[in-house]
Amino acid sequence: MSDTVIRIKGGRVIDPYRGVDSHQEDIWIQDGRFVAGEDARGRETVALDAEGLWVVPRLVDMHVHFREPGQTWKETIRSGSQAAAHGGVAVVAAMPNTTPVIDTPELVEWVRRKGHEARLVRVLPIGAVTLASQGEDLADLYRMQEAGAVGFSDDGRPVTSSRLMRAALSYSTTLNAPIINHAEDRSLADGGAAHEGGPAGRLGIPGIPEAAESAMVWRDVLLAGLTGGRLHVAHVSALESVEAIRYAKQRGYQVTAEATPHHLLLTDEALNAWQYNTVTKVNPPLRPDASRQALLKAVRDGLIDVLASDHAPHHADEKQRPYPDAPFGISGLETIVAGLITALVEPGLLAPLDAFKLMTSGPDRVLGLGYRGMVPGEQADVALIDPQQQWTVEPGKFYSLGKNTPFQGMMMTGKAVATIVDGRVVMQDGEVLHAGLSSLS
Ligand code: DOR
């Protein structure tokens, strides 16, 4: 326990958990918790000057790949945690497509423990829906939840069997945790590496049609209606997926959806600029502008609940393979805040309070975390954000081991300048601090 009091001074407090956007409010932290100013009684007060900055509680990125166990040359739980802290993110939900796949309570517990040991951000495990994500037998969702899994997904792969998807969604009603599906009809998508036609067609890169995603999103929506289960649609990229989500929400189904910064900011035209450079290779692929516009409209219409990075780091050697053979994925944790501001706030699509819902109360509700925001007694997780800062993305400066991003060299607006987790400053002015956290609950 520390007597030190942190006072975050003079910032614009944007707290979507409470629906508050107030100009100039001081935030006080003691012993890892928010406290009311008049109750702060520390021996020593550390003041953080937030003049001109946005003060936002607990940013959540609910879709990241940390590659541990098994593929630590791509990322470790520690390096991924550093990337999160660098990006302003206090909570991540880690996908289970590691080696082995996280499909038992013991493995869920192992990821949680590794996250604690990294002592930087809160790492919440997602368990697999099916054993080894093979799509044949359901994993023990109940026991994984008891061990700390906050959701279930075979991400990287779809749950192809409608029978198993129906069963998983049925279980989700009593688990009160979402089934997060990577919607992809493999019989349509396999062998494809980029959006079908257009630039990929001209480059001779095999294609993936939008229907590969949308057909399964429609199936999942119908199964959510049938079961009353909790479906979360990961990384929406296609126009008709948006229509399926609209349909589900209009009928009051328990369906939530997620978009990524790369699908909101980029189109398959990026292949014209990058040619055969695989930084643009991601699954689902970058789509034409009509789909991007539909996605932006879906965000404005409130159909999208979550902005998540789908942080998918890979080693440079792997990404240097020929386009069809390279792995899919973009390293996204260190550009997600800039992505949110550049795609949604700067063009005036959403007010900052609504935009930040997508990384706070939105994912919190999907995962059922129950965080209350910057109120006395709550865990003190904060990001200080400079909304004006324009910066050029240089992957060489990432903490992530994955430097694979099509945002490389792009000018973006908005940057996290400090991250506080559990009342400890874990990143300041772009530097991740190694002081560590005393506890992470
Ligand atoms: O681009 C992707 N990369 N999409 C996924 O769904 C999986 C991810 C990965 O694990 O690399």
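Refer to the structure printed above.
Fair warning: this is a prediction, and the values are worked out from it, not measured in the lab.

*Asks:* For this particular structure, what's the right way to read the overall build of the protein?
*Replies:* If you tally the helices and strands in the protein, you get 15 helices and 18 strands. Relative to a compact globule of 441 residues, whose C-alpha radius of gyration would be 22 Å, the protein shows 21 Å and is just as compact. In the protein, the share of contacts with a sequence separation of at least 24, taken over all contacts with a separation of at least 6, comes to 76%. Total accessible area on the protein is roughly 16100 Å²; 48% of this is exposed by carbon and sulfur atoms. Considering the protein, the positive charge centre built from 41 side chains and the negative charge centre built from 54 side chains are found 2 Å apart.

*Asks:* What is the right way to look at empty space enclosed by the protein in this model?
*Replies:* To find leftover empty space, one rolls a probe the size of a water molecule over the atoms. Using the criterion set out here, one finds four cavities of 30 Å³ or more in the structure. Roughly 60 Å³ of internal volume is contained in the largest cavity. As for the largest cavity, its lining consists of Phe 66, Arg 67, Glu 68, Ile 77, Ala 94, Met 95, Pro 96, Thr 98, Ile 102, Val 111, Pro 125 and Ile 126. Counted by class, the lining of the largest cavity contains nine nonpolar, one polar and two charged residues. In this model, the second largest cavity occupies a volume close to 50 Å³.

*Asks:* Any chance you could explain the environment of Val 417 here in plain terms?
*Replies:* Assignment of secondary structure puts Val 417 in strand E16 (residues 411–421). For Val 417 and Ile 29, which are 388 residues apart along the polypeptide, the C-alpha to C-alpha distance reads 18 Å. Not counting residues within four places of it along the chain, the set of residues in contact with Val 417 comprises Leu 53, Leu 384, Ile 385, Asp 386, Gln 389, Met 427, Gln 428, Asp 429 and Gly 430.

*Asks:* Can you walk me through helix H11 (residues 289–300) in this structure?
*Replies:* Turn by turn, an α-helix covers 3.6 residues, leaving residues three or four places apart pointing in a common direction. For H11, spanning 12 residues, the distance from its first C-alpha to its last is 16 Å, which sits close to the expected 16 Å at 1.5 Å a residue. Residues of H11 that are buried include every one of Ser 291, Arg 292, Ala 294, Leu 295, Leu 296, Ala 298 and Val 299, and no others. Buried residues along H11 sit against helix H8 (239–250), strand E13 (255–259), helix H9 (261–265) and helix H13 (336–345).

*Asks:* Could you clarify how one ought to interpret the site of the ligand in this entry?
*Replies:* Surveying the vicinity of the ligand reveals 14 residues, the closest of which are Arg 67, Asn 97, His 182, Asn 283 and His 314. Here an oxygen atom of the ligand sits 2.9 Å away from a polar atom, N or O, in the side chain of Asn 97. Here an oxygen atom of the ligand sits 3.1 Å away from a polar atom, N or O, in the side chain of His 314. Against a free-state accessible area of 290 Å², the protein chains account for coverage of 93% of the ligand.

*Asks:* Would you mind showing me how to read the packing of aromatic side chains here?
*Replies:* Within a pair of aromatic rings, the relevant descriptors are the distance that separates the centres and the angle that separates the planes. Taken as a whole and assessed by the stated rule, the structure comprises five aromatic pairs. Members of the aromatic cluster, joined through ring pairs, are Trp 218, Tyr 247 and Tyr 253. One cation-aromatic arrangement involves Lys 281 over Phe 328; the distance from NZ or CZ to the ring centre is 4.5 Å.

*Asks:* What am I meant to see in the pairing of strand E1 (residues 5–15) here?
*Replies:* Along any regular strand the residues' side chains alternate between the sheet's two faces. The element E1 is largely enclosed, with a buried count of eight among its 11 residues. Strand direction decides the pairing type here: E1 and strand E4 (residues 45–49), joined by five bridges, are parallel. Bridging across to E4, Val 5 finds its partner in Thr 45. As defined by bridge partners, E1 adjoins strand E2 (residues 20–30) across eight bridges and the pair is classed as antiparallel. Within the sheet, the bridge partner assigned to Val 5 lies in E2 and is Gln 30. A loop of four residues connects E1 with E2, the two strands running antiparallel in sequence, and Gly 19 in this loop sits at a positive phi of about 70°. By the bridge criterion, two bridges tie E1 to strand E5 (residues 54–57) in an arrangement that is parallel.

*Asks:* What's the story with the nonpolar core in this structure? I'm lost.
*Replies:* Nonpolar side chains tend to gather and get buried jointly when the protein is soluble and globular. Counting 126 residues, the largest nonpolar core has Ile 8 and Ile 385 as its most contacted members. The element best represented in this core is H13, accounting for eight residues. Ile 385 has contacts with Leu 53, Trp 54, Val 56, Leu 59, Val 337, Ile 341, Phe 356, Lys 415, Ala 416 and Val 417, leaving out every residue within four places of it along the chain. Core analysis: the second largest hydrophobic core is formed by seven residues, Ala 193, Ala 200, Ile 205 and Leu 271 among them.

*Asks:* Which parts of the structure should I look at to understand the environment of Val 129?
*Replies:* Within the secondary structure, Val 129 sits in the loop between strand E8 (122–125) and helix H3 (141–146). Between the C-alpha atom of Val 129 and that of Leu 164, which follows or precedes it by 35 residues, the distance is 8.9 Å. Leaving out residues up to four positions away in the same chain, Val 129 has contacts with Asp 137, Leu 138, Ala 139, Leu 141, Phe 152, Ser 153, Asp 154, Val 159, Ala 168 and Ile 179.

*Asks:* Where do I start with the packing of helix H4 (residues 162–175) against helix H7 (residues 211–227) in this structure?
*Replies:* Each pair of packed helices gets described by two things: the angle between the helix axes and the distance between those axes. The N-to-C vectors of H4 and H7 enclose an angle of 45°; their axes lie 9 Å apart at closest approach. Of the possible angle classes, the one that applies to H4 and H7 is oblique. Helix-helix and strand crossings are classified by hand; for H4 and H7 the assignment is right-handed. Here H4 contributes Ser 162, Met 165, Arg 166, Leu 169, Ser 170 and Thr 173 to the contact with H7, which in turn contributes Arg 219, Asp 220, Leu 223, Ala 224, Leu 226 and Thr 227. The residue makeup of the contact of H4 with H7, split by class, is five nonpolar, four polar and three charged.

*Asks:* What's the story with the sheet that holds strand E7 (residues 91–94) in this structure? I'm lost.
*Replies:* The strands making up a sheet associate through backbone hydrogen bonding, with each pair oriented either parallel or antiparallel. Reading across the sheet, the three strands line up as E6-E7-E8 and stay open at both edges, with parallel pairing between neighbours. Where the open sheet ends on each side, the last strands, each with one partner, are strand E6 (60–64) and E8. With strand direction ignored, the average angle separating the axes of adjacent strands in the sheet is 25°. Two strands pair when backbone bridges link them, and E6 and E7 are joined in this way by three bridges, in the parallel orientation. Bridge pairing in E7 places Asp 61 opposite Val 92.

Parameters and conventions
- Residues numbered from 1 in each chain as written.
- Predicted model: local features only at pLDDT ≥ 70, side-chain atom pairs only at ≥ 80, totals over all residues.
- Heavy atoms only, no water.
- Helix = DSSP H or I, 4+ residues; strand = E, 2+ residues; numbered from the N terminus.
- Rg over C-alpha atoms; globule rule 2.2 N^0.38 Å.
- Contact = heavy atoms within 4.5 Å.
- Areas by Shrake-Rupley, 256 points an atom, 1.4 Å probe, with all protein chains shown as cover.
- Lys, Arg positive; Asp, Glu negative; His and termini not counted.
- Charge placed at Lys NZ, Arg CZ, Asp CG, Glu CD.
- 1 Å grid on protein atoms, 1.4 Å probe; cavity = no way out; pocket = protein on both sides within 12 Å on 5 of 7 lines; lining within 4 Å.
- Points joined across faces, edges and corners; volume = space filled by probe spheres on them.
- Nonpolar A, V, L, I, M, F, W, Y, C, P; charged D, E, K, R; others polar.
- Expected span 1.5 Å × (residues − 1).
- Buried < 20%, exposed > 50% of the residue type's maximum accessible area, 1.4 Å probe, protein only.
- Near = heavy atom within 4 Å.
- Polar contact = N/O pair within 3.5 Å; in protein donor to acceptor, adjacent residues only side chain to side chain.
- Phe/Tyr/Trp six-rings, centres within 6.5 Å; stacked < 30°, edge-to-face > 60°.
- Lys NZ or Arg CZ within 6 Å of the ring centre and 35° of its normal.
- Pairing = 2+ DSSP bridges.
- Core = buried A, V, L, I, M, F, W, Y, C linked by side-chain atoms within 4.5 Å.
- Axes fitted to C-alpha atoms, helices over the stretch in contact; angles between N-to-C directions.
- Parallel < 35°, antiparallel > 145°, perpendicular 65-115°, else oblique.
- Left-handed = near helix turned anticlockwise from the far one by under 90°.

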